[in-house]
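Survey of secondary and tertiary structure
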Number of protein chains: 2
Amino acid sequence: MTTKDTIIKLASDLILEKGFNAFSFYDLSEKMGIKTASIHYHFPSKTDLGIAVIRQQSESFIALQAATESKDALSKLEAFFSIYIRHKSQGKVCLVGSLCTDLYSLDPAIEKELKPVVEGILQWVTDILKEGKRKGVFHFSAAPRTKALLLITNMLGILQVSRITGKTDFNEVRTALLKELKTKKE
Amino acid sequence: MTTKDTIIKLASDLILEKGFNAFSFYDLSEKMGIKTASIHYHFPSKTDLGIAVIRQQSESFIALQAATESKDALSKLEAFFSIYIRHKSQGKVCLVGSLCTDLYSLDPAIEKELKPVVEGILQWVTDILKEGKRKGVFHFSAAPRTKALLLITNMLGILQVSRITGKTDFNEVRTALLKELKTKKE
DNA sequence: GTCTATATTCCGATAGAC
DNA sequence: GTCTATCGGAATATAGAC
C-alpha cells in the first residue's frame, strides 16, 4: 500500500472513531512514523484528505455493488448490512453519520463530495428493495425510497446509539429488520 | 433567563448544529457579548458545560414525559416525535446523535452523563409502544424495546441524512413510521 | 460576575534543505 | 517524498483587578 493510501485508511478510521474535527495530522504522523509535513505533501489541506476519504469509501461501495450485481435481493441487502457489521465490530460509526453531524462545521467541499455518495447508496438500497418486492421475497408498504431511508437510518443510528446502550443492540436491530422485511403481511 | 441558562441554551444549539468539538467558548462569547473568561466562571471546563447541556435536555425530556403522562399512546409518541420536528426545522441533529459520533473523543464524564439519559428515552418509548400495543392502537411484531430502538434510530438518523438528501425526507419518514405502526397486520 | 491579560497547548499549513 | 523549523492562529484555561 502506498503512503497516500495508508494516510487515507488511517484518516478514515479516525473519522469513524472520533469524528472529523477530533483527529489531527499529528495523530496520523504518530501512527505512521512520518512527520505532519509529509502528510501535507500528499494532502495539502485537511479538507483534501477528507475528500479523499469520501472518494475511497465511495469506490468501496461501488465495488460491493458490482460484486453482488448478479445475486438475489436478499444477498444484496446482506452485503449492504455487512458494511455496518464490520464497522460495529470496530466500534466505529459510518462515514455518513460521522460527517453529517459535523457537516455545518466543515468546508462546503465536503458536503459537495458527500452528497452524490449518499444519493448513490440510497438509490442502491431502493433498487434492492424494489427487486425484492417484485420477486416476492421482501414485503413492505412504504414507497421503496422511503423504506430505503428507514433501513439506512436504522443502521446508521444503531451504530451510534449502541455505543451507549450496548453492543448486542446492533444485532437485535439488524435481525429484526431482516425478519420484518421477509414477513408477508395481511 | 440567567446568564448560566443562556450559556447552556446557546451551547446546546451549537452542539446540535456543528458538533461538540467544533464550537468554542469564543463562539458563545461573541453571541452573548461577554468574554470567554466570564463563561469559564460559570463552567470551569468545556466538559462541565457539556454535562450541563445533557442535564438540561434530560430535564426537558422528563418534563415532556410528565406533561403527556395521562394522554393516549399515540399522543405520547407524537410528543416524542415533536422533539425531532423542532430540531429538523432548525437544521439541527439530536443531542444523542451529535454526542455519540464524537463520543470517543470526549471526556469519559460525558459518556457517563449521557448513558442514563439515553436509557431513559429508550425506556419511555418502549413503554409507549407497549401501551399502544396493549390498547390495540399500535401493531408491531418485534420486541417493544427493539421496536423502540428502530423508531429512535430512524428519527436520529433522518435528522442527519436529510441534511444531505433534502428536508422533505424527514416528514416522509415520520409519516411512514406512524402509518406503519397504526396498520394492523395479517 | 465580568473584565483584561496572559499562559499553554495544539493544530493546520508553509518554506526550504536533503 | 520526507525532513527540520517555524509561522500564525485558535482554543482551553487561569490569575488577578474591578
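Preceding this paragraph is the structure being described.
All residue numbers here refer to positions counted from 1 along the written sequence of the relevant chain. Each chain takes a letter, starting from A, and each ligand takes a number, starting from 1, following the order in which they are written. Residues qualify for local features only when their pLDDT is at least 70, as the model is predicted, and side-chain atom pairs are given and counted only at 80 or more; totals for whole chains, interfaces and linings, by contrast, use all residues. As a rule here, side-chain values cover all heavy atoms of the structure and leave hydrogens and water aside.

Before going further, it helps to examine the side chain of A:Lys88. All names here are of chain A. Numbering of helices and strands runs from the N terminus; a helix is a DSSP stretch of H or I covering at least four residues, while a strand is a stretch of E covering at least two. Mapped onto the fold, lysine 88 is located in helix H5 (residues 73–89). Note on exposure labels: buried denotes an accessible area under 20% of the residue type's maximum, exposed denotes more than 50%, and partly exposed covers the range between, all computed with a 1.4 Å probe on protein chains only. When charges are counted, Lys and Arg are positive and Asp and Glu negative, with His and the chain ends excluded. Salt bridges are identified by distance alone: a Lys or Arg side-chain nitrogen within 4 Å of an Asp or Glu carboxyl oxygen. Buried and without a salt bridge, lysine 88 has aspartate 169 as its closest oppositely charged side chain, separated by 8.9 Å. As used in this structure description, the phrase polar contact means that two N or O atoms lie within 3.5 Å; if the pair is within protein, one of them must be able to donate a hydrogen and the other to accept it, and residues adjacent in sequence are counted only when both atoms belong to side chains. Looking at lysine 88, its side chain comes within polar contact range of the side chain of serine 162, at 2.9 Å.

On to helix H6 (residues 95–102) of chain B. Within H6(B), eight of the eight residues are buried, which leaves it mostly tucked inside the rest of the structure. Of the residues making up H6(B), those classed as buried are B:Leu95, B:Val96, B:Gly97, B:Ser98, B:Leu99, B:Cys100, B:Thr101 and B:Asp102.

What characterises a pair of aromatic rings is the spacing of the ring centres plus the angle enclosed by the ring planes. Residues and elements named next belong to chain A. In this analysis, rings of Phe, Tyr and Trp, with Trp reduced to its six-membered ring, are considered paired at centre separations within 6.5 Å, and the interplanar angle assigns stacked below 30 degrees, edge-to-face beyond 60, and tilted for intermediate values. For the coordinates displayed, the defined rule picks out ten aromatic pairs over all chains. Centroid distance phenylalanine 80 to tryptophan 124: 6.0 Å. Interplanar angle 85°. Geometry classified as edge-to-face. Of the two residues, phenylalanine 80 sits in helix H5 while tryptophan 124 sits in helix H7 (residues 108–134), which places them 44 residues apart along the sequence. A relative accessible area of 0% places phenylalanine 80 in the buried class.

Residues and elements named next belong to chain B. The first and last C-alpha atoms of helix H4 (residues 46–67) sit 32 Å apart over 22 residues, in line with the 32 Å expected at 1.5 Å per residue. Of the positions making up H4, those classed as buried are Thr47, Leu49, Gly50, Ile51, Ala52, Val53, Ile54, Gln57, Ser58 and Phe61. Only heavy atoms matter for contacts: two residues are in contact if any of them lie within 4.5 Å across the pair. Its buried side turned inward, H4 meets helix H1 (3–18), helix H2 (25–32), helix H5 (73–89), H6 and helix H7 (108–134). How far a helix is expected to stretch is found by multiplying one less than its residue total by 1.5 Å.

So, on to the side chain of B:Lys18. With respect to the element layout, B:Lys18 can be found in helix H1. Residue class for B:Lys18 comes out buried when judged on its relative accessible area of 19%. When residues no more than four places from it in sequence are discounted, the contact partners of B:Lys18 are A:Asn21, A:Thr101, A:Asp102, A:Tyr104, A:Ser105 and B:Asp27.

A few words on the relation of the copies chain A and chain B. When the copies are superposed, the least-squares fit draws on C-alpha atoms of residues that have pLDDT of at least 70 in both. Once chain A is rotated about the relating axis by 180° and shifted along it by 0.0 Å, it coincides with chain B to within an RMSD of 0.0 Å. In short, the pair behaves as if placed about a two-fold rotation axis. The overlap is high: 100% of the interface residues of chain A also sit at the interface in chain B, so the same surface is used on both sides.

This part takes up the protein's contact with DNA strand D. Proximity criterion: a residue is near a molecule or strand once any of its heavy atoms comes within 4 Å of it. Around DNA strand D, a shell composed of 16 residues is seen, among which A:Lys35, A:Ser38, A:Tyr41, A:His42 and B:Lys46 lie nearest. When atoms of DNA strand D within 4 Å of the protein are split into backbone and base, the sugar-phosphate part holds 67%. The contact in question runs from a phosphate oxygen of DNA strand D to an N or O atom on the side chain of A:Thr3, over 3.2 Å. Interatomic distance of 2.6 Å between a side-chain N/O atom of A:Tyr41 and a phosphate oxygen of DNA strand D. A total of four residues in the surface near DNA strand D trace back to one element, the largest contributor, which is helix H3 (residues 36–42) of chain A. Residues are sorted three ways: Asp, Glu, Lys and Arg are charged, Ala, Val, Leu, Ile, Met, Phe, Trp, Tyr, Cys and Pro are nonpolar, and all the rest, Gly among them, are polar. Of the residues in the surface near DNA strand D, the class split is seven nonpolar, seven polar and two charged.

Once that is clear, we can look at the environment of B:Leu156. If you trace the backbone, B:Leu156 turns up in helix H8 (residues 144–165). On a C-alpha basis, the gap between B:Leu156 and B:Leu95 in space is 9.0 Å, while along the polypeptide they are 61 residues apart.

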